[in-house]
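Structural overview
The primary structure of each chain is shown beneath.
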Amino acid sequence: MAEIKKNTSKARSKSGEQFVLEDDDKYKYHCTACGKGFMRQKDNFSVSPSPYYQGNHGYLHICRRCMEKAFNYYRDEMFNGDQDKAMEFLCATINTCFDETAWANAKKHPSKGSKVSVYFSKLNLSQTKGSSYADTVMMKEARKIENAPSIQQVESVKDTTVPIETVRLFGLGFHEQEYEALQFEYDDWVRKYGEPNDKRQDELYKSICYLKLQFQKAVQNGDNGIGALAKAYKEYINAATTELEDRKQKQEDSVRLDPLGTWIADIERFAPAEFYRDKPLYQDADGIGSYASRFIFRPLKNLLTGSNEADREFNLTEGDGS
């Protein structure tokens, strides 16, 4: 037994891995692959964002050493040295999301230790929490939209939630979540300042949306220079808001100065006058013609011709009333 413990200690010192091994009757956690026992999960098992491990404090059931062995086997025996395919396949077997950004960072990590362990440490759990391999499949579908070379290619993508009008509005190159964020921001500006009156205002809305998305991504990724970007975003928002407020004020002033013209324009815009079927009913909608006929032209006619025509209100013909 002493010899076994001695050899185990040597193996640990060579590999540099921090495994805590105890007697069989004291093991609290076990690897379901090799059966080895450990007193604690930390440092011995990787944390996964997959909901399938939530009841195990988020830790995988397979120890880090076995995960590395599985990765090496998939890479060398199944995918001819392709470590990207090996890592994705490993994630599929343990039903955990495969995040390309985290894997790219793991491959660049200077440590000579396990890339698999580094991958799980690089996963942003706040963003990937609750993600299983099914989410990887959906992300791949989203990337079909992001990498589509044309609008027609986007239209051919199945099971997408992105309206083609949104893609036309903001252009190619975004994934589904980004399109959703862009459209939400655009609609919010429309709610506050109305539909764009011209291309300049439309481009202003879109520019704000692009900057907001860029700023959000920089915050999420912890990019350097976030302060300068925040300042630029704030200055642009202030300038854009000032311009939109001026536009809105001019429009409101125009309405107050020309209410009749605005009313006529609305009538022509939403229900052109020529389309009214009962034209006599609408030919004197404001009553000006009737007023002139009764109180200007009728008295003038009596004055010039000597006639005694009464106002129609007091000039009932036979059958008009009793």
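Throughout what follows, the structure given in this document is the object of discussion. (Residues numbered from 1 in each chain as written. Predicted model: local features only at pLDDT ≥ 70, side-chain atom pairs only at ≥ 80, totals over all residues. Heavy atoms only, no water.)

The subject of this paragraph is the overall build of the chain. When helices and strands are tallied, the chain shows 15 helices and 4 strands. Looking at the chain as a whole, 28% of its 322 residues are labelled buried. Working note: accessible area of the chain is about 21,800 Å², and carbon and sulfur atoms make up 52% of it. (Helix = DSSP H or I, 4+ residues; strand = E, 2+ residues; numbered from the N terminus. Buried < 20%, exposed > 50% of the residue type's maximum accessible area, 1.4 Å probe, protein only. Areas by Shrake-Rupley, 256 points an atom, 1.4 Å probe, with all protein chains shown as cover.)

This part is about the side chain of arginine 298. Mapping arginine 298 onto the fold places it in helix α15 (residues 288-305). Taking relative accessible area as the criterion, arginine 298 reaches 16% and is therefore assigned buried. Ignoring any residue separated from it by four or fewer positions in sequence, one finds arginine 298 in contact with Ser293, Glu309, Ala310 and Asp311. (Contact = heavy atoms within 4.5 Å.)

Moving on to the pattern of salt bridges. All told, the structure shown has 16 salt bridges when counted by the stated rule. Among the ionic pairs, aspartate 76 bridges to arginine 75, the shortest N-O distance being 2.9 Å. On the basis of relative accessibility, which here comes to 22%, the residue arginine 75 falls in the partly exposed class. (Salt bridge = Lys/Arg side-chain N within 4 Å of Asp/Glu carboxyl O.)

Further remarks concern unusual backbone geometry. One non-glycine residue, aspartate 43, lies in the positive phi region at around 75 degrees. Mapped onto the elements, aspartate 43 comes out in the loop between β2 (37-38) and β3 (45-47). Backbone geometry places histidine 57, a non-glycine residue, at a positive phi of 60 degrees. Of note, histidine 57 is situated in the loop between β3 and β4 (59-63).

Under the definition given, this model contains 15 aromatic pairs. Look at phenylalanine 174 and tyrosine 210: their rings are 6.1 Å apart centre to centre, the planes differ by 10 degrees, and that puts the pair in the stacked class. Of this pair, phenylalanine 174 sits in the loop between α9 (164-170) and α10 (176-193) while tyrosine 210 sits in helix α11 (residues 199-221); the two residues are 36 residues apart in sequence, bridging distant segments of the chain. Linked through ring pairs, Phe170, Phe174, Tyr179, Tyr186, Tyr205 and Tyr210 together constitute an aromatic cluster. Seen from the ring of phenylalanine 184, arginine 191 lies directly overhead, with NZ or CZ sitting 5.9 Å from the centre. (Phe/Tyr/Trp six-rings, centres within 6.5 Å; stacked < 30°, edge-to-face > 60°. Lys NZ or Arg CZ within 6 Å of the ring centre and 35° of its normal.)

Let us look at the environment of aspartate 43. Given a relative accessible area of 27%, aspartate 43 falls into the partly exposed group. Measuring from C-alpha to C-alpha, the distance between aspartate 43 and serine 117 comes to 9.5 Å, with 74 residues separating the pair along the chain. A distance of 2.7 Å separates the side chain of aspartate 43 from the side chain of arginine 40, its partner in a polar contact. (Polar contact = N/O pair within 3.5 Å; in protein donor to acceptor, adjacent residues only side chain to side chain.)

Right, let's get into the state of the cysteines. Under the defined criterion, the tally for this structure stands at 0 disulfides. The structure places no disulfide on cysteine 97, whose sulfur is separated from the nearest cysteine sulfur, that of cysteine 91, by 7.0 Å. Relative accessible area serves as the criterion here: at 1%, cysteine 97 is assigned to the buried category. (Disulfide = S-S within 2.5 Å.)

In this model, α15 (18 residues) spans 24 Å end to end at C-alpha, consistent with the 26 Å of a helix rising 1.5 Å per residue. The axis of α15 is deflected most strongly, by about 30 degrees, at phenylalanine 297, and proline proline 299 appears within four residues downstream. Residues Ala292, Arg294, Arg298 and Asn302 constitute the buried set of α15. Where α15 terminates, the next one or two residues include glycine 306, which has phi positive at roughly 80 degrees. (Expected span 1.5 Å × (residues − 1). Bend = angle between axes of the 7 residues up to and from the residue.)

What follows is about helix α3 (residues 83-93). Among the residues of α3, those classed as buried are Ala86, Met87, Glu88, Leu90 and Cys91. The residue sitting at the N-terminus of α3 and contributing the capping side-chain oxygen is aspartate 82; that oxygen lies 3.1 Å from the backbone nitrogen of aspartate 84. Downstream of α3 by a residue or two, asparagine 95 has a phi angle that is positive, lying close to 55 degrees.

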